[in-house]
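Survey of secondary and tertiary structure
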Amino acid sequence: VTSCSLSDSLDYNCASSTLRHTLNPGKTFNVVKGTNLSFASISLPPATLVNTVAITTVNVRNPSEAAMYGKVTCTFRNPLTTAIINSSSCVPIAGSTTDTFDVSVYANVAGTWKVDSCTVMGSLNSGCSTQHDKRSNIGTFNITTTPICTPGFYSAVNSTTRECKE
């Protein structure tokens, strides 16, 4: 680091900031890889038919060179605001890789569901006992009473049987 400055501002975007201090340490520092498992991405379920399973897909990064075990737990809220907590299995993740975890919920109520939070737990053994990362207010997804017919593959929904028609 050749120079480091500290400025402050009353504006949230620091548009009109005032320089308060400058330090010229002339020092170096090392950056090391993290060792905790972390979220690479979280994908919400697509629109899903009621009384079926909706799956949240979570990609977890292992920055360490050592293999670790990981488990993802998510808290879902149904349209009645009931909390449902489900977890993936605790499985090995190879060092310096990203792995996919599916966390499912049985969607027995139609309407807008919410993924309140997801937590990744990890350890060097199959205990998956230490919290490594957490995300909150992830998003919402819809549970419908009408079958989800893929456009281009199905032409319509039969109003009597509620099945997709070719």
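Here is what the cut-offs are and how they apply
Residues numbered from 1 in each chain as written. Predicted model: local features only at pLDDT ≥ 70, side-chain atom pairs only at ≥ 80, totals over all residues. Heavy atoms only, no water. Helix = DSSP H or I, 4+ residues; strand = E, 2+ residues; numbered from the N terminus. Buried < 20%, exposed > 50% of the residue type's maximum accessible area, 1.4 Å probe, protein only. Contact = heavy atoms within 4.5 Å. Areas by Shrake-Rupley, 256 points an atom, 1.4 Å probe, with all protein chains shown as cover. Pairing = 2+ DSSP bridges. Axes fitted to C-alpha atoms, helices over the stretch in contact; angles between N-to-C directions. Patch = residues over 30% accessible without salt bridge, like charges linked within 9 Å, V, L, I, M, F, W, Y side chains within 5 Å. Salt bridge = Lys/Arg side-chain N within 4 Å of Asp/Glu carboxyl O. Core = buried A, V, L, I, M, F, W, Y, C linked by side-chain atoms within 4.5 Å. Phe/Tyr/Trp six-rings, centres within 6.5 Å; stacked < 30°, edge-to-face > 60°.

Re the overall build of the protein
When helices and strands are counted, the protein shows 0 helices and 13 strands. Secondary structure elements in the protein, listed N-terminal to C-terminal, are β-β-β-β-β-β-β-β-β-β-β-β-β. Every one of the 166 residues in the protein was classed for burial, and the buried ones make up 27%. Contacts spanning at least 24 positions in sequence make up 56% of the contacts within the protein whose residues lie at least 6 apart. As presented, the protein carries roughly 10,300 Å² of accessible surface, and 51% of it is formed by carbon and sulfur atoms.

Comments concerning the side chain of S88
In this fold, S88 is placed in the loop between β7 (83-87) and β8 (91-93). Filtering out sequence-adjacent residues up to four positions away, S88 remains in contact with K71, V72, F101, D102 and V103.

Some remarks on the sheet that holds strand β9 (residues 97-107)
Backbone-to-backbone hydrogen bonds pair the strands of a sheet. The strands run either parallel or antiparallel. Taking strand neighbours across the sheet as the criterion, the 3 strands line up as β3-β5-β9 in an open arrangement whose pairing is antiparallel. Strands at the two margins of the open sheet, each flanked by one partner only, are β3 (38-43) and β9. Looking at each pair of strands side by side, their axes are set apart by 25 degrees on average, direction ignored. Bridge analysis of β3 against strand β5 (residues 52-62) gives 5 bridges, and the strand direction is antiparallel. What sits directly across from S38, in β5, is R61.

A short note on the side chain of T75
By the element assignment, T75 lies in strand β6 (residues 68-77). We classify T75 as buried; its relative accessible area is 16%.

Observations concerning a nonpolar patch on the surface
Together, V53, I55 and Y106 line one region of the surface with nonpolar side chains, adding up to about 280 Å² of accessible area. Overall, the relative accessible area of 48% leaves V53 in the partly exposed class.

A short note on the pattern of salt bridges
A complete count under the given rule lists 4 salt bridges for this structure. Between K114 and D116 there is a salt bridge, and its shortest N-O distance comes to 3.3 Å. Under the relative-accessibility criterion, K114 is labelled partly exposed at 30%. Three or more residues joined by partner-sharing salt bridges are found here, namely R77, K114 and D116.

Thoughts on the environment of V105
By the element assignment, V105 lies in strand β9. When the C-alpha positions of V105 and T56 are compared, they lie 8.3 Å apart, and in sequence the two are 49 residues distant.

Focus: the nonpolar core
Among the nonpolar cores identified, the biggest contains 21 residues, and V60, V72, F76, W113, F141 and I143 are the most heavily contacted of them. Of all the elements in the fold, those that place two or more residues in this core are β5, β6, β9, β10 (111-123) and β11 (130-144).

Quick word on the pairing of β7
Relative to β7, β6 runs antiparallel, the two sharing 5 bridges. Its bridge partner being in β7, T75 is matched across the sheet by I85. Counting the residues that bridge the hairpin from β6 to β7 gives 5 residues, and of these T81 lies at a positive phi of roughly 65 degrees.

Observations regarding the packing of aromatic side chains
Applying the stated criterion across every chain yields a total of 2 aromatic pairs. An angle of 90 degrees between the planes, with centres 6.4 Å apart, marks the rings of F76 and F141 as edge-to-face. Within this pair, whereas F76 is found in strand β6, its partner F141 is found in strand β11, the two being separated by 65 residues in sequence. Each member of the pair, F76 as well as F141, carries the same accessibility label: buried.

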